[in-house]
Each structure stands twice: as structure tokens, then as C-alpha cells.
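# Observations on the three-dimensional arrangement
Chain by chain, the residues:
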Amino acid sequence: MSTPQLVGSYQPGDSLVHRLPVGVKVSTLAVFSLCVVAVRSMPASWVFLALALGAALLARVSVTALARAARGVLLVAVVVAAFQWWLKGPDRAIETVVDLFALALVAVVLTATTPVNAMLDALVRWITPFRRLGAEPDRVALTVGLAVQAIPGTIAIAVETRDAARARGLERRPRAYLSPFVIRVVARAQETGDALAARGLGDD
Amino acid sequence: MPTLTFDAAGVTVDTPHGPKVVLEPTTLELTERRVGVVGANGSGKSTLARLVNGLVTATTGRVVVDGVDVSKDPSRVRRRVGFVFTDPAAQVVMPTCVEDVELSLRRHVKGATARRARAIEMLASFGLADLADTSVHALSGGQRQMLALAGVLAVEPSVVVADEPTTLLDLANTRRVGDVLLGLEQQLVLVTHDLDLARRCDRVLVVEDGRIRYDGAPDAAVDDYVASVEAREGAGL
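Residues numbered from 1 in each chain as written. Chains lettered and ligands numbered in written order. Predicted model: local features only at pLDDT ≥ 70, side-chain atom pairs only at ≥ 80, totals over all residues. Heavy atoms only, no water.

In the nomenclature of an unreviewed UniProt entry, chain B corresponds to ABC transporter ATP-binding protein from the organism Mumia zhuanghuii. Per UniProt, the comment on chain B under Sequence similarities (unreviewed entry) is "Belongs to the ABC transporter superfamily." (UniProt positions renumbered as here; feature names shortened; annotations may be inferred.)

As recorded in an unreviewed UniProt entry, chain A goes by the name Energy-coupling factor transporter transmembrane protein EcfT, listed as coming from Mumia zhuanghuii. Listed under Subcellular location (unreviewed entry) in UniProt, the entry text for chain A is "Membrane".

### Some thoughts on the pairing of strand 1 (residues 4-15) of chain B
Residue and element names in this part refer to chain B. Note: strand 1 against strand 2 (residues 18-30), 9 bridges, orientation antiparallel. Across the sheet, A9 pairs through a bridge with T26, a residue of strand 2. The loop that links strand 1 with its antiparallel partner strand 2 comprises 2 residues. Bridging between strand 1 and strand 4 (residues 60-65) involves 5 bridges; their strand directions are antiparallel. Each residue of the ladder has a partner; that of L4, found in strand 4, is V65. (Pairing = 2+ DSSP bridges. Helix = DSSP H or I, 4+ residues; strand = E, 2+ residues; numbered from the N terminus.)

### What to know about the side chain of R50 of chain B
With respect to the secondary-structure elements, R50 of chain B resides in helix 1 (residues 45-52). Apart from the residues within four sequence positions on either side, R50 of chain B is in contact with D194 of chain A together with L55, V56, F83, F85 and D163 of chain B. (Contact = heavy atoms within 4.5 Å.)

### Examining the domain arrangement of chain A
Segmentation of chain A into domains returns domain 1 (1-114) and domain 2 (116-204). Between the C-alpha centres of domain 1 of chain A and domain 2 of chain A there is a distance of 23 Å. (Domains from an automatic or database assignment.)

### Description of the nonpolar core
Note on soluble globular proteins: their nonpolar side chains tend to be buried together. Residues and elements named next belong to chain B. Among the nonpolar cores identified, the biggest contains 41 residues, and V101, L123, F126, L147, L149, L181 and L190 are the most heavily contacted of them. Ranked by residue count, the leading element in this core is helix 6 (residues 141-153), at 7 residues. Residues in contact with L123, not counting those within four places in the same chain, are C97, V98, V101, L128, A129, A132 and L147. Ranked by size, the runner-up nonpolar core spans 30 residues in total, among them V52, V65, V81 and L205. (Core = buried A, V, L, I, M, F, W, Y, C linked by side-chain atoms within 4.5 Å. Buried < 20%, exposed > 50% of the residue type's maximum accessible area, 1.4 Å probe, protein only.)

### Side note on the UniProt feature "domain: ABC transporter" (unreviewed entry) in chain B
Within this numbering scheme, the UniProt entry marks residues 6-234 of chain B as carrying the feature "domain: ABC transporter" (unreviewed entry). End C-alpha to end C-alpha, residues 6-234 of chain B measures 33 Å, and it is 39% helix and 28% strand.

### Focus on the sheet that holds strand 10 (residues 211-216) of chain B
All names here are of chain B. Reading across the sheet, the 6 strands line up as 6-7-8-3-9-10 and stay open at both edges, with mixed pairing between neighbours. Edge strands, defined here as strands with exactly one partner in the open sheet, are strand 6 (81-84) and strand 10. Taken pair by pair, the neighbouring strands of this sheet meet at an average axis angle of 15°, ignoring direction. Across 5 bridges, strand 9 (residues 203-208) lies against strand 10 in antiparallel orientation. (Axes fitted to C-alpha atoms, helices over the stretch in contact; angles between N-to-C directions.)

So this is what it looks like as C-alpha cells:
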């Protein structure tokens with residue numbers, strides 16, 4: 001069974017985007033995201049989406065990864081769009097959906113062209129100067145890495161739990177699905193914590 | 001070989017119905033290279049294994065790994081004791097194979113290039129070099145368990161504890177993972193339901209109802225375990 005993913009796994013390559021320093025990529029993502037959120041204009045939204053697609057093409061990100069990202073935000077986009085339509089009309093709804101897809105695409109470009117460990121190394125470098133203030137760079141980096149990895153793992157548990165409820169003919173009873181889902185997510189978190197402790201990670 | 005010492009080490013947990021003894025005070029000295037632990041589900045064998053690297057803390061007595069008291073210096077012990085879990089999905093925490101091994105090496109190898117080279121080397125020794133950049137979600141169960149092993153062994157522990165590492169695997173992968181574990185130079189504590197693997201150890205402990213029922217040569221220990229299971233079945237327990 002394939003695991004649904006909101007962000008792409010790293011895809012090795014030698015494109016210009018792959019070769020950019022992590023700091024440049026993360027800063028660009030931050031500025032891009034701020035612009036997408038701050039600029040309220042339909043034409044600008046289409047430009048942002050075009051820029052995101054351009055970055056994906058430049059990075060030679062696979063169509064599968066892009067489709068997965070699009071599928072991942074689809075449900076959220078539909079709900080948000082419906083809400084915006086009701087509140088502010090169709091133009092704002094379409095603009096919001098386009099913005100969400102643009103943001104998802106650039107996030108995929110970042111994760112597909114940057115190994116997680118490279119991001120963790122960069123995070124450690126950036127946070128190290130704040131060690132005197134009590135910051136723990138390795139711990140912060142590990143937490144971010146785990147958060148990235150937890151997304152597909154949690155979605156996989158959700159899919160398995162839903163299938164188990166369906167197999168018992170209980171798909172219309174939310175408790176039959178939600179209770180085991182929550183229990184399994186907590187259990188997985190506990191197991192992961194044990195596994196990290198066993199590897200001596202976070203022991204400092 | 002390192003020496004694993006259980007000095008009246010026991011574990012009791014609080015439950016809504018009062019304290020429950022998970023492992024009775026146990027005294028052992030394990031110096032053999034391959035120590036097998038067998039027993040029924042819930043018998044206390046995983047607790048015994050987890051005491052070795054401090055994942056579970058003894059509520060009575062103490063556990064000492066090569067002179068280091070686990071409760072006093074757990075992080076030092078964890079640097080010496082690698083742990084392989086039943087479900088590698090919990091143990092493998094990074095998106096790709098090479099990144100997961102690199103995570104283990106973060107505190108041991110400085111510099112991203114050297115770390116990557118060492119991680120690739122580890123993957124190659126487990127036959128996973130071609131899967132270095134593959135998503136961990138795309139691996140088979142056997143490949144994922146081998147990756148977990150690579151991550152554990154990358155930091156060169158002197159003891160490896162494996163808690164039912166083949167339970168979720170098919171026959172071929174059980175044999176493959178078992179061969180790797182039993183062929184390790186390090187001391188191995190292998191908790192298993194696979195009696196063939198247990199028979200290949202140097203010493204086997206049979207755990208029953210939170211105590212060591214039998215401790216001795218593999219064949220005799222496994223025979224004792226099978227006999228005890230059959231006796232329980234015969235008594236309708």
C-alpha cells in the first residue's frame with residue numbers, strides 16, 4: 001500500500017534547485033509563503049502558482065510527488081474554499097485554493113530537493129548561537145525531523161484504521177474509527193520515543 | 001564479551017488493581033555471546049530485555065552493563081547497548097534509508113560528507129546500498145528490519161538486544177535477519193518466539209510468569225519450554 005504524503009520525500013538530483021544552499025531554499029520558501037498570504041489578488045495568486053510550478057519543473061520533481069501533494073491539500077482546500085465562498089464569494093474561494101496549492105507545491109520542491117539531514121544540519125547551525133540562551137540545537141533539529149516524518153506515518157495509521165472499521169462494517173460509526181486511531185497514534189508515539197531513547201538520541 | 005549483571009533486578013508496576021509484579025527479582029550474569037530468551041506473551045521476557053538498556057527501570061535491585069549501573073548512567077549504557085524492536089516502523093524515523101542511518105551517526109561522525117559515506121557503507125553491508133535514497137515506506141518488512149539493524153550497528157554497540165525481531169517477518173526474512181543477528185561479533189540478547197533461532201544461541205533463558213523458569217543449554221531450555229506449554233495445554237490453562 002502506498003503511503004499518502006503531504007510533503008515529498010527527497011529525490012536525489014543535480015538540478016539548480018538541488019544545488020542551492022539549504023538556507024537560500026528555506027529563506028525563499030519563507031518569503032514566498034509570506035507573499036502568498038499577504039498579497040490578496042486573484043492575478044497574483046495565479047502568478048504564485050505559476051512560480052511554484054516553475055520551481056517544480058526546474059527541480060525536476062516527479063509528477064507523482066506533485067500529485068500526492070495536491071491530493072493531500074485537496075480536502076483542506078475544498079473545506080476552506082466552501083467557507084470562503086460562503087463568507088466572501090467565489091473569487092476569494094478560488095484565490096484561496098490556488099494559494100494553498102502554490103504553497104503545497106513549493107513545500108514539495110523544498111523537501112524533494114533537500115535531504116532531511118541537510119535541513120537538520122542547517123537548523124543546528126542556525127540555532128547554535130542561541131545555546132547560551134538555553135536552546136538545544138540537536139533536540140530542536142530532531143523534533144523538526146520527527147514532525148516531518150510523522151505526517152506520512154500518521155496518515156498510514158489513519159488509512160489502516162479506516163480499512164479495519166470498513167472490514168467490520170463500521171464505517172458509518174466515527175467512534176469505531178476515531179478511538180483506535182487515537183490509541184494507535186499515541187502508541188506509535190510511545191514506541192518511537194522508546195526507539196529514539198534506545199538509539200541514545202536526545203540523551204544529551 | 002561484556003558482562004550483563006542482573007542483581008536481584010525486578011520490576012513492579014502500579015495498576016488500578018494495585019501493584020503488579022512484571023518481573024520478580026532476578027539474579028543473572030550473562031557473559032555468553034548469544035543469549036536467547038523465550039517465553040509466552042506477557043511472561044516478562046521483553047521487560048527483562050528492556051532492563052538492559054534502561055528502557056525499563058528496575059524497581060528493585062540493579063542491572064549492570066560491563067561495570068556501568070543502568071539506572072545511574074543510562075545514556076552511557078545506551079551508547080554501548082543497541083536495541084532492535086519488533087516493529088521497525090517505530091524504529092525507522094527518517095524519510096529515506098540513508099537518512100535514517102545518518103541520524104544514528106549524528107553524534108558519532110562529524111561532517112555531512114563523512115557521515116553519508118559511513119551510512120552508505122553500513123547500508124551496503126546489509127545489502128541495502130541500492131535503496132539508500134528510497135523512501136522507508138517503500139521497503140518490505142524484511143528490508144525495514146535490516147535497515148533498523150543497520151541503524152543500530154552503525155554506532156558499533158558492544159551489546160545488541162533484539163526484542164522479537166523476526167515476529168513480523170516471513171520465513172525467508174526471518175532466516176536472513178536471524179543469520180545476521182546470530183553472526184554478530186557483539187554480544188546478543190535475543191528475545192524470540194522462533195525456537196529454531198533460540199536453539200542456535202549459546203545459552204537460553206525461559207521466562208514464565210515474571211520469573212526465570214529455566215536457564216541453561218539451548219536444546220534443554222527449549223525442550224523445557226515446549227514441555228511447559230504442553231503441560232499447560234493439557235491442564236486446560
